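Breakdown of the fold
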Amino acid sequence: MTAPSTDAAPVPQAGPAVARTRDELRAARRALDPGHVAVVMTMGALHEGHAELIRRARGGGRSVVVTIFLNPLQFGAGEDLSRYPRTVDDDLALCAREGVDLVFLPTPDVIYPGGDPGVRIGAGALGAVLEGQSRPGHFDGVLTVVGKLLHLTRADSAYYGQKDAQQLLLIRRMVQDLDFPVEVIPVPTVREPDGLALSSRNTYLTPSDRDAALALSRALRAGAEAAAEGPSAIRRAARAVLVREPLVLVDYLVLVHPVTLEDVPEWYRGEALLAVAGRVGTTRLIDNMPVAVGPGGGAREVFSVPARTTETAGSE
Ligand code: AMP
């Protein structure tokens, strides 16, 4: 994905305030009081998916804080923390173009002044499946930093991508279970015209990797097109696309309940998450599609079900 061009911008834009320390953040954040503040949390290497989150966050005239923090706590040993793309100047230019008010750009010692935190937010059972199975401890690291950033930014609302469906679910659960005073808003996945979900990690892909990676979104679309016929038809249609692409090493392909993340049984009708993860070359990619299973079903942009298990688990 190419970010919108920065050259030939006719009107000079005031860039966002940039805070790198807690004191700078506190002062810049105070300047946004008493209005509604929306936060968009990122790891940088911003693309059009992040820009969409920012635009949704701004809607209705809200002030927007973007956090750019490559959180070491959510990377396991041997993962791509050291090679993760760092493009701060471009990121700040994108934030300026999108009218962001404040960018919080801390280093790890600002977020974790005492080193790795001994106390963390635990994602529980929902954090141990799918991505959590492949990346042990990942979601504890995510929730811990999300919790800290919600406190530090004092955000009224927070915008997250459906692209990271399990992360979104866990953040919603954390906010409910631990009574964070913030509204969590999901944003549909932004894709390239050929279907590839935008991701900062797409920059790792060689041209042939990229061609192969298209099988992920094609598989999801094929599954969604079989939605009327029920769960096994959906899984079969998606799998049929992936087996034809030997360059994708599939980690998982599942059709699960959007709240419990358990495989849906054959009789299930209603909203389900069709999710896939796989390795293409040296790059691990994830993608998913909310699907309405049953007559008249098909792909959806985001779920309409609430994130509570108590009200929805097994109820359909
Ligand atoms: P990241 O910088 O990858 O941690 O992502 C920061 C936020 O952007 C998360 O809420 C992601 O779910 C969201 N995001 C990443 N890629 C996309 C995309 N293609 N479409 C929509 N949201 C996205």
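The paragraphs below set out a description of the structure included in this document. (Residues numbered from 1 in each chain as written. Predicted model: local features only at pLDDT ≥ 70, side-chain atom pairs only at ≥ 80, totals over all residues. Heavy atoms only, no water.)

Some thoughts on the overall build of the protein chain
Summing up its helical and strand segments, the protein chain has 10 helices and 10 strands in all. Taken against the 2.2 N^0.38 rule, which gives 20 Å for 316 residues, the C-alpha radius of gyration of the protein chain at 20 Å falls within 12% of a compact globule. Principal-axis analysis of the C-alpha atoms places the extent of the protein chain at approximately 55 × 45 × 40 Å. Here the protein chain holds 316 residues, and the buried ones make up 54% of them. Counted over contacts in the protein chain with a minimum sequence separation of 6, partners at least 24 positions apart contribute 73%. Surface summary for the protein chain: the accessible area is close to 14200 Å², and the carbon and sulfur share equals 53%. A gap of 1 Å separates the mean positions of the 33 positive and 38 negative side-chain charges of the protein chain. (Helix = DSSP H or I, 4+ residues; strand = E, 2+ residues; numbered from the N terminus. Rg over C-alpha atoms; globule rule 2.2 N^0.38 Å. Buried < 20%, exposed > 50% of the residue type's maximum accessible area, 1.4 Å probe, protein only. Contact = heavy atoms within 4.5 Å. Areas by Shrake-Rupley, 256 points an atom, 1.4 Å probe, with all protein chains shown as cover. Lys, Arg positive; Asp, Glu negative; His and termini not counted. Charge placed at Lys NZ, Arg CZ, Asp CG, Glu CD.)

As for the packing of helix α8 (residues 207-225) against helix α9 (residues 231-243)
The N-to-C vectors of α8 and α9 enclose an angle of 155°; their axes lie 7 Å apart at closest approach. Comparing the axis directions of α8 and α9 gives the class roughly antiparallel. Handedness of the α8/α9 crossing: right-handed. Facing A215, L216, R218, A219, A222 and G223 of α8, the residues of α9 in contact are I234, A237, A238, V241 and L242. Looking at the contact of α8 with α9 residue by residue, the class counts come to nine nonpolar, one polar and one charged. (Axes fitted to C-alpha atoms, helices over the stretch in contact; angles between N-to-C directions. Parallel < 35°, antiparallel > 145°, perpendicular 65-115°, else oblique. Left-handed = near helix turned anticlockwise from the far one by under 90°. Nonpolar A, V, L, I, M, F, W, Y, C, P; charged D, E, K, R; others polar.)

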